[in-house]
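Structural features, examined
Read off the chains here:
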Amino acid sequence: CQHLDGIALAIELAAARVKVMSIPHLAERLAERFRILTGGSRAALPRQQTLRALIDWSYDLLAEREKMLFRSVSIFAGGWTLETASEIFSDDNIDKGDVLELLASLTEKSLVVVDTMGPVERYRLLESTREYGLELLTDKGERSALARRHAECFAAMAREADDKSKDMPAQPWLKKYEPEIDNFRAALEWAIRDDNEPISGGTIAGNLGLLWWYGGRTDEGRRWTMNALRRIDEAQAPAVAARLWLTSAVLNDGLRKFEDGERARALYESLGDRRGAARALRCVGSGLHQLGRTDEAEQALRHAMTDLREAGD
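The sections below set out a description of the structure shown in this document. Only a predicted model underlies this, so the values are computations on that prediction, with no experimental measurement involved.

When helices and strands are counted, the chain shows 17 helices and two strands. In summary, the chain has a C-alpha radius of gyration of 25 Å against a globular reference of 20 Å for 313 residues, an excess of more than 25%. For the chain, the spread of C-alpha atoms along the three principal axes comes to 80 × 35 × 35 Å. Across the 313 residues in the chain, those meeting the buried criterion constitute 49%. Of all intrachain contacts in the chain linking residues separated by at least 6 positions in sequence, the fraction that spans at least 24 positions is 66%. Counting only carbon and sulfur atoms, one obtains 49% of the accessible surface of the chain, whose full area is about 15400 Å². When the 44 positive and 51 negative side-chain charges of the chain are each reduced to one mean point, those points stand 2 Å apart.

Next up on the list: the packing of helix H10 (residues 181–193) against helix H13 (residues 218–231). Between two packed helices, the angle of one axis relative to the other and the distance separating the axes together describe the packing. Taken N-terminus to C-terminus, the directions of H10 and H13 make an angle of 30°; their axes are 10 Å apart at the nearest point. On the basis of the axis angle, H10 is roughly parallel to H13. By crossing handedness, the relation of H10 to H13 is classed as left-handed. Along its contact with H10, which presents Arg-185, Leu-188, Glu-189, Ile-192 and Arg-193, the element H13 presents Glu-220, Trp-224, Asn-227, Ala-228 and Arg-231. Grouping the amino acids of the contact of H10 with H13 by side-chain chemistry returns four nonpolar, one polar and five charged.

Per the counting criterion, the structure on display carries 27 salt bridges. Across the pair Arg-52 and Glu-135 runs a salt bridge, and its minimum N-O distance is 2.9 Å. Residue Arg-52 is located in helix H3 (residues 47–60), and its partner Glu-135 is located in helix H7 (residues 127–139); the two are separated by 83 residues in the primary sequence. Given a relative accessible area of 34%, Arg-52 falls into the partly exposed group. For the salt bridge of Asp-260 with Arg-256, the shortest nitrogen-to-oxygen distance reads 2.7 Å.

Attention shifts here to the packing of helix H14 (residues 238–251) against helix H15 (residues 254–271). Closest axis-to-axis distance for the H14/H15 pair is 8 Å, and the angle between their directions is 155°. Between H14 and H15, the angle is such that the two are roughly antiparallel. The handedness of the crossing between H14 and H15 is left-handed. Seen from H14, the contacting residues are Pro-238, Ala-239, Ala-241, Ala-242, Arg-243, Trp-245, Leu-246, Ser-248, Ala-249 and Val-250; seen from H15, they are Arg-256, Lys-257, Asp-260, Gly-261, Arg-263, Ala-264, Leu-267, Tyr-268 and Leu-271. Grouping the amino acids of the contact of H14 with H15 by side-chain chemistry returns 12 nonpolar, two polar and five charged.

Another aspect to go through is the nonpolar core. Counting residues in each nonpolar core, the largest one holds 83 residues, and the members touching the most others are Phe-70, Trp-80, Phe-89, Phe-154 and Ile-204. In this structure Trp-80 touches Val-73, Ala-85, Leu-103, Val-112, Glu-121, Arg-122, Tyr-123, Arg-124 and Leu-125, once residues within four positions along its chain are discounted. If you look at the next biggest cluster of nonpolar residues, it comprises seven residues, including Leu-281, Val-284, Leu-288 and Ala-300.

Moving on: unusual backbone geometry. Here Ser-110, not a glycine, exhibits a phi torsion of approximately 65°, which is positive. Along the chain, Ser-110 falls in the loop between helix H6 (96–108) and strand E1 (113–115). Judged by relative accessible area, which is 15%, Ser-110 ranks as buried. Even without being glycine, Asp-195 reaches a positive phi, approximately 60°. Inspection of the secondary structure assignment puts Asp-195 in the loop between H10 and helix H11 (198–207).

Criteria and cut-off values
- Residues numbered from 1 in each chain as written.
- Predicted model: local features only at pLDDT ≥ 70, side-chain atom pairs only at ≥ 80, totals over all residues.
- Heavy atoms only, no water.
- Helix = DSSP H or I, 4+ residues; strand = E, 2+ residues; numbered from the N terminus.
- Rg over C-alpha atoms; globule rule 2.2 N^0.38 Å.
- Buried < 20%, exposed > 50% of the residue type's maximum accessible area, 1.4 Å probe, protein only.
- Contact = heavy atoms within 4.5 Å.
- Areas by Shrake-Rupley, 256 points an atom, 1.4 Å probe, with all protein chains shown as cover.
- Lys, Arg positive; Asp, Glu negative; His and termini not counted.
- Charge placed at Lys NZ, Arg CZ, Asp CG, Glu CD.
- Axes fitted to C-alpha atoms, helices over the stretch in contact; angles between N-to-C directions.
- Parallel < 35°, antiparallel > 145°, perpendicular 65-115°, else oblique.
- Left-handed = near helix turned anticlockwise from the far one by under 90°.
- Nonpolar A, V, L, I, M, F, W, Y, C, P; charged D, E, K, R; others polar.
- Salt bridge = Lys/Arg side-chain N within 4 Å of Asp/Glu carboxyl O.
- Core = buried A, V, L, I, M, F, W, Y, C linked by side-chain atoms within 4.5 Å.

Laid out in structure tokens, this is it:
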């Protein structure tokens, strides 16, 4: 503990190795690592370098496939599930059946933390180890391709979330998808803010309309939807644009709700999407009501209610 400057993560990483290494041997190996990094001067080792040395050492002791998965999971923000990890990382080198085994090994070595208290196990990296993993991804030229797969995965999850919302009550829906909010944000930043894949970003921002609304994140939702709309061509991606305009209508009030709802409805009708058009019409009716145009609002809302019921929403 003294050798590791009392840093909790460093102690945990070292302690995980006593299952396979004696304490004297462990201390010797740590000393070797530090001497290499500091030219033999232990006194010159600052706290951050101590921590970096421990993560270096723990990483170097991993098998190649463990190293690959450790680097890969650093692409997640705020944790992940076995299902999402298996979907993103299974390829020629790691198949789906191996992901759990490798995660278990990384957890035993204190490089991955698991939370088993919820309905689904969630895994995460501590921030120090995640930053280390991201550095490795960048250095090895793996980060861009993995960020794309991450964004595609969470775009698909956002579409699923939107579809589930038609017959799933608000609280269970929020409990299912809110734990992924940091992953959705990371995907949005890569896709929209960094201008790598605006369509995937627009898909996420638009289909998460209820996550912005239910979760009290209306300002954030408006920001992402507007950023996405500025970057996509409605003619090339009318369905994505329609969903973004619908989300904008949900998150705004009055005239803005009415106008964005009308824009979404026109796009949905051109696509033959009756449910989408009905959801947009509901926003139109709500906007008309807020503008004091009560008779028009009632007519729009009654029409929307009929169409939504027929669509099973």
